[in-house]
Amino acid sequence: MQFFLEVLINGLLSGVMYALVALGFVLVYKASGVFNFAQGAMVYLAALSVVSCMEKGAPLWLAIILAFIIMTLFGIATEKFVLRKLVNQPPITLFMATIGLAFFIEGLAPIMFGSEPRALDLGIVDEPIAAILDSWDMVISKFDLVAAGVAALLVTTLALFFQYTRIGRALRAVADDHQAALSIGIPLQHIWAIVWGIAGFVALVAGMMWGARNGVQFALTFTALKALPVLIIGGFTSVPGAIVGGLIIGASEKLAEIYLPPVMQSMFGGNFGGIEGWFPYVLALFFLLVRPEGLFGEKHIDRV
Amino acid sequence: MLYREAGQFKTSYAADQQLFPIRQDRMGILILLAVVFLVIPGVASEYWFSAILIPFLIFSLAALGLNILTGYAGQLSLGSAAFMAVGAYAAYNFQLRIDGIPILVSFVCAGLTAAGVGILFGLPSLWIKGFYLAVATLAAQFFIVWCLTKFPWFSNHSSSGVISAQQLIIFGYEFASPQEKYLLVLSIVVVMALAAKNMVRSSTGRAWMAVRDMDVAASVIGIRLMPTKLLAFAVSSFYCGVAGALYAFCYLGSVEPDGFSLDMSFRILFMIIIGGVGSILGSFLGAAFILLLPIFLDIALPWAAGLLGLPFSNATVSHIQVLIFGALIMFFLIVEPHGLARLWQITKEKLRLWPFPH
């Protein structure tokens, strides 16, 4: 039971990390209907720019600000040079364009900042919390808890921003209906630039968390792939959905990784590690059977 | 002037409905076939066969498979490499476990196995579409590769799932040299491309296109969605499976599951985007483009670097390749969403009117 709880909690905490990436997807999808496959590459770019600013001698806060500026500029450039030219194309075309964008960033970022894996030091140590280790004999990482806190803060800030600011209201209006928003005088293209800026910011936060945990390396781009089943479970359009989906995926994949291989080994023999690699996708697949629109997604109605 | 159908009268329905109704097209195809079957085997070097022509044909076939699914039936798939893996491992196992099965029969069986797996992973397409389906096919990609690695039965208990393809013997004749393998691959690809070309203009193909354009409307006019979508998955996976079998038997000789990575699926997807979504010709053009671009950049980039006096390391060259890939994808989607095939079509339209465009 002890061990189960430990796996569960650690899974939930790593799920928070997935949720951080999934949030970026949700924001862009809500506001512009674009499924942004490049979010993972943006996470990589953000983490790389923080690290290289620090290597040049900038303190952490300055590096974060510089990286934020880079990500915002990048987001605006994307909107201006790619997405604006693809207005009125089917969503699949936009999706494939973001795959191209992902490749573009994956090539550009190492050329700009170098490709060797580097450590990112945020001043938080990845070590078990002594109090929990002593009293309940469970290994819970301090770093993971901080990450969870950051995610909670980020979601609260975003929720407040969407709910109470002028721009936030405009963003929600655009998400509801592009044409209606346009007709009441909301500048659509500014809004999209802002959304891409915010997506860049979320990518920055996710990139710093992931980079501090696993090192800043190319593998950061794969975080996008892990975020996809999270989106399926949570729904593409829901911020709380991204968090809940992340928790479900994180917990279930860690539990599956620990408890499934022995079962399969007794059935077939052999070594069955690496279930983590596909389990979230298959789980998402079964989830689609029950609720195709996700836990918090909007029901899709087809009109002919 | 050269390319004009004036004076070519169709006197029967058969003549009107043939595959290439314009005489110049027919002659062009015949000349092309003559060149690839008769001239190229005589002039191409061994390097050309084994490094360019054979992979080009195999990837064209895989792209053709994906194009049937994504371009014609409108179901986005990110798992084509996994279906190639199924084909490769199935062909290997049919050869291994059934005594005296002819190699071509095992290729067909491999394609059918891949089709079965494709139907299985295509089932979600009945109630989801678009991005959701893309994620479902990602499940296929990761799950199949994992299965092939972890269950030792598939690779006959070899270490880390590597299989070595058996000899290619057809009617007692062994296809060993790159030239012979090229001819074998070419024949299979030509037959399957013709079949695809015919299939997409039959009622099946029209049903796929109706489903692609709007599935609710298609079902309203009486197209049954379930068989149509699943057939698209089956046919597409069949093509990918045969391509995978050829990949193992005629190109690499020995393959491992990790070779059929997500990266390869993406490359096949890029082939159809650049070549032309919903075009048979586009699959070939796109495969040629995606395969030749890295080779071209490998030669051109160090040369350009030398010219500008910039020191490019090998790593930088590969990064620039990725960057150019991504930029080209976006460029094509913005400038010509229908790809190279569309450019060819425009050229033909222009040629019909040349030299008097009005």
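In what follows, the structure referred to is the one given above.
Here's a quick rundown of the structure. Note that this is a predicted model, so its numbers are computed, not measured.

Regarding the overall build of chain B
Logical step 1: For chain B, the count of helices and strands is 14 helices and four strands.
Logical step 2: Against the globule reference of 21 Å for 358 residues, chain B gives a C-alpha radius of gyration of 21 Å, in line with a compact fold.
Logical step 3: Expressed along its principal axes, the backbone C-alpha trace of chain B runs to roughly 65 × 65 × 45 Å.
Logical step 4: In chain B, the proportion of contacts linking residues at least 24 apart, taken out of those at least 6 apart, comes to 75%.
Logical step 5: Taken as a whole, chain B presents about 16300 Å² of accessible surface, with 68% of it coming from carbon and sulfur.
Logical step 6: Here chain B holds 19 positive side-chain charges and 15 negative ones, and the gap between their average locations is 11 Å.

Section: the pattern of salt bridges
Logical step 1: Scanning the model with the defined rule gives seven salt bridges over all chains in all.
Logical step 2: Ionic pairing is found between A:E253 and A:K254, a salt bridge with its closest N-O pair at 3.4 Å.
Logical step 3: For A:K254, a relative accessible area of 23% corresponds to the partly exposed category.
Logical step 4: When the shortest N-O distance is used, the salt bridge between B:D213 and B:R212 registers 3.2 Å.

Some thoughts on the packing of helix 7 (residues 178–199) of chain B against helix 10 (residues 225–252) of chain B
Residue and element names in this part refer to chain B.
Logical step 1: In the contact formed by helix 7 and helix 10, the axes pass within 11 Å of each other and the chain directions differ by 175°. On the basis of the axis angle, helix 7 is roughly antiparallel to helix 10. Along the contact surface, helix 7 presents K181, L184, V185, I188, M192, A195, A196 and M199, while helix 10 presents V235, F238, Y239, V242, L246, F249 and C250.
Logical step 2: Its residues placed into classes, the contact of helix 7 with helix 10 shows 14 nonpolar, no polar and one charged.

Here we look at the interface of chain B and chain A
Logical step 1: Listed per partner, the contact involves 37 residues of chain B and 49 residues of chain A.
Logical step 2: Note on chain B versus chain A: buried area summed over both sides is about 4100 Å², and carbon and sulfur give 85% of it.
Logical step 3: A per-residue breakdown of the area chain B buries against chain A is headed by B:F131, B:Y132 and B:W146, which together make up 18% of the total.
Logical step 4: Viewed at the interface, chain A and chain B are joined by zero salt bridges.
Logical step 5: Here chain B is connected to chain A by zero residue pairs in polar contact (both at pLDDT 80 or more).
Logical step 6: Of all the secondary structure elements, the ones that give two or more residues to the side of chain B that touches chain A are helix 6 (131–150), helix 9 (215–220), helix 11 (262–275) and helix 13 (314–335) of chain B.
Logical step 7: Looking at the side of chain B that touches chain A residue by residue, the class counts come to 31 nonpolar, three polar and three charged.

Considerations on the nonpolar core
Logical step 1: Of all hydrophobic cores here, the largest spans 197 residues; its most connected members are B:M84 and B:L269.
Logical step 2: Ignoring sequence-local partners within four residues, the contact set of B:M84 consists of B:I58, B:A62, B:C240, B:G241, B:A243, B:G244, B:A245, B:Y247, B:F260, B:M264 and B:I268.
Logical step 3: If you look at the next biggest cluster of nonpolar residues, it comprises ten residues, including A:M264, A:I275, B:W146 and B:C147.

Describing the side chain of A:E106
Logical step 1: Structurally, A:E106 is set in helix 4 (residues 91–113).
Logical step 2: Look at A:E106: it is buried, it has no salt bridge, and the nearest opposite charge is B:R267 at 13 Å.
Logical step 3: In this structure A:E106 touches A:A41, A:F218, A:T221, B:H319 and B:V322, once residues within four positions along its chain are discounted.

Rules behind the numbers
- Residues numbered from 1 in each chain as written.
- Chains lettered and ligands numbered in written order.
- Predicted model: local features only at pLDDT ≥ 70, side-chain atom pairs only at ≥ 80, totals over all residues.
- Heavy atoms only, no water.
- Helix = DSSP H or I, 4+ residues; strand = E, 2+ residues; numbered from the N terminus.
- Rg over C-alpha atoms; globule rule 2.2 N^0.38 Å.
- Contact = heavy atoms within 4.5 Å.
- Areas by Shrake-Rupley, 256 points an atom, 1.4 Å probe, with all protein chains shown as cover.
- Lys, Arg positive; Asp, Glu negative; His and termini not counted.
- Charge placed at Lys NZ, Arg CZ, Asp CG, Glu CD.
- Salt bridge = Lys/Arg side-chain N within 4 Å of Asp/Glu carboxyl O.
- Buried < 20%, exposed > 50% of the residue type's maximum accessible area, 1.4 Å probe, protein only.
- Axes fitted to C-alpha atoms, helices over the stretch in contact; angles between N-to-C directions.
- Parallel < 35°, antiparallel > 145°, perpendicular 65-115°, else oblique.
- Nonpolar A, V, L, I, M, F, W, Y, C, P; charged D, E, K, R; others polar.
- Buried area = accessible area lost by both parts, 1.4 Å probe.
- Polar contact = N/O pair within 3.5 Å; in protein donor to acceptor, adjacent residues only side chain to side chain.
- Core = buried A, V, L, I, M, F, W, Y, C linked by side-chain atoms within 4.5 Å.

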